[in-house]
Amino acid sequence: EDQVTQSPEALRLQEGESSSLNCSYTVSGLRGLFWYRQDPGKGPEFLFTLYSAGEEKEKERLKATLTKKESFLHITAPKPEDSATYLCAATRQGAAGNKLTFGGGTRVLVKP
Amino acid sequence: GAGVSQSPRYKVAKRGQDVALRCDPISGHVSLFWYQQALGQGPEFLTYFQNEAQLDKSGLPSDRFFAERPEGSVSTLKIQRTQQEDSAVYLCASSVRRAGPGELFFGEGSRLTVL
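Here's a quick rundown of the structure. (Residues numbered from 1 in each chain as written. Chains lettered and ligands numbered in written order. Predicted model: local features only at pLDDT ≥ 70, side-chain atom pairs only at ≥ 80, totals over all residues. Heavy atoms only, no water.)

## Thoughts on the pattern of salt bridges
Close approach of charged atoms lets side chains of opposite charge pair.
Move 1: Evaluated as defined, the whole model comprises 11 salt bridges over all chains.
Move 2: Between K57 of chain A and E55 of chain A there is a salt bridge, and its shortest N-O distance comes to 3.8 Å.
Move 3: The class of E55 of chain A is buried, set by a relative accessible area of 19%.
Move 4: Notably, a salt bridge pairs R64 of chain B with D86 of chain B, separated by 2.8 Å at the nearest N-O pair. Within this pair, whereas R64 of chain B is found in the loop between strand 6 (53–56) and strand 7 (65–68), its partner D86 of chain B is found in the loop between strand 8 (75–79) and strand 9 (88–95), the two being separated by 22 residues in sequence. (Salt bridge = Lys/Arg side-chain N within 4 Å of Asp/Glu carboxyl O. Buried < 20%, exposed > 50% of the residue type's maximum accessible area, 1.4 Å probe, protein only. Helix = DSSP H or I, 4+ residues; strand = E, 2+ residues; numbered from the N terminus.)

This is the structure in structure tokens:
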């Protein structure tokens with residue numbers, strides 16, 4: 001059974017204090033690893049897709065990386081508007097590739 | 001429309017009542033997904049449509065849950081004889097792609113509270 005585990009569950013940062021979020025996955029035949037941002041009362045908003053180990057993608061203060069067992073979301077010099085829940089999800093090759101298996105999320109609070 | 005639209009945004013039901021949740025995906029999007037998100041948890045897959053065909057319903061928790069997309073656009077998730085454990089946010093998402101989810105565009109969700 002596919003599993004995605006995120007840590008830590010919650011993260012409190014001071015503005016400007018860089019940190020990393022972890023996403024460990026157990027997926028047979030990974031097709032893609034996704035990162036989403038979710039604000040309270042909203043649906044998840046797409047950030048990145050990573051397809052192979054060693055791949056990296058960046059967007060503003062966020063950078064996502066992928067290895068064969070985990071993915072990291074690095075937040076560099078965060079601002080209060082980066083406060084949100086960050087969700088990691090994986091999808092596998094084959095017939096089940098049309099659904100995402102999500103982790104539990106990391107709630108990030110950035111204080112000014 | 002500009003994004004995925006869901007209605008109602010909030011629904012309170014008495015245990016045993018039937019509810020229907022509507023999703024209007026982005027125009028032209030082939031794939032449509034329903035997810036269930038419990039408080040403080042990540043979304044969990046319920047079902048997937050490609051146009052009007054329901055290709056995967058393995059995540060539906062019981063036969064009280066039923067989803068349809070008769071004309072390949074608007075979708076309805078119906079829950080019969082609601083139970084307290086059905087309380088959650090129900091998220092709809094759509095994608096322009098046929099194979100694999102690619103980038104999913106989510107609606108804001110329908111929050112169901114069963115008393």
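## What about the state of the cysteines?
Residue and element names in this part refer to chain A.
Move 1: Under the counting rule described, the total for this entry stands at 2 disulfides over all chains.
Move 2: A sulfur-sulfur separation of 1.9 Å characterises the disulfide bridge that pairs C23 with C88. Between C23 and C88 the disulfide shows an S-S torsion of about -60 degrees. By sign, it is left-handed. Of this pair, C23 sits in strand 3 (residues 19–26) while C88 sits in strand 9 (residues 84–92), and the two are 65 residues apart along the sequence. Per residue, the accessibility class of C23 equals that of C88, and both read buried. (Disulfide = S-S within 2.5 Å.)

## Section: the side chain of S110 of chain B
Residue and element names in this part refer to chain B.
Move 1: With respect to the helices and strands, the residue S110 is situated in strand 11 (residues 110–114).
Move 2: At 2.6 Å, the side chain of S110 forms a polar contact with the backbone oxygen of P8.
Move 3: Beyond its immediate chain neighbours, meaning those up to four positions away, S110 contacts Q6, S7, P8, R9, L21, A88, V89 and Y90. (Polar contact = N/O pair within 3.5 Å; in protein donor to acceptor, adjacent residues only side chain to side chain. Contact = heavy atoms within 4.5 Å.)

## Observations concerning the pairing of strand 8 of chain B
A regular strand carries its side chains on alternate faces of the sheet.
Residue and element names in this part refer to chain B.
Move 1: Where burial is concerned, most of strand 8 is hidden: 4 out of the 5 residues are buried.
Move 2: Pairing between strand 3 (residues 19–24) and strand 8: 5 bridges, direction antiparallel. For V19, the partnering residue across the bridge sits in strand 8 and is I79.
Move 3: Strand direction decides the pairing type here: strand 7 and strand 8, joined by 4 bridges, are antiparallel. Residue pairing for strand 8: F65 is matched across the bridge by I79.
Move 4: Taking the residues that link successive antiparallel strands as the turn, the strand 7-strand 8 hairpin has 6 residues, and the phi of G72 there is positive, at about 75 degrees. (Pairing = 2+ DSSP bridges.)

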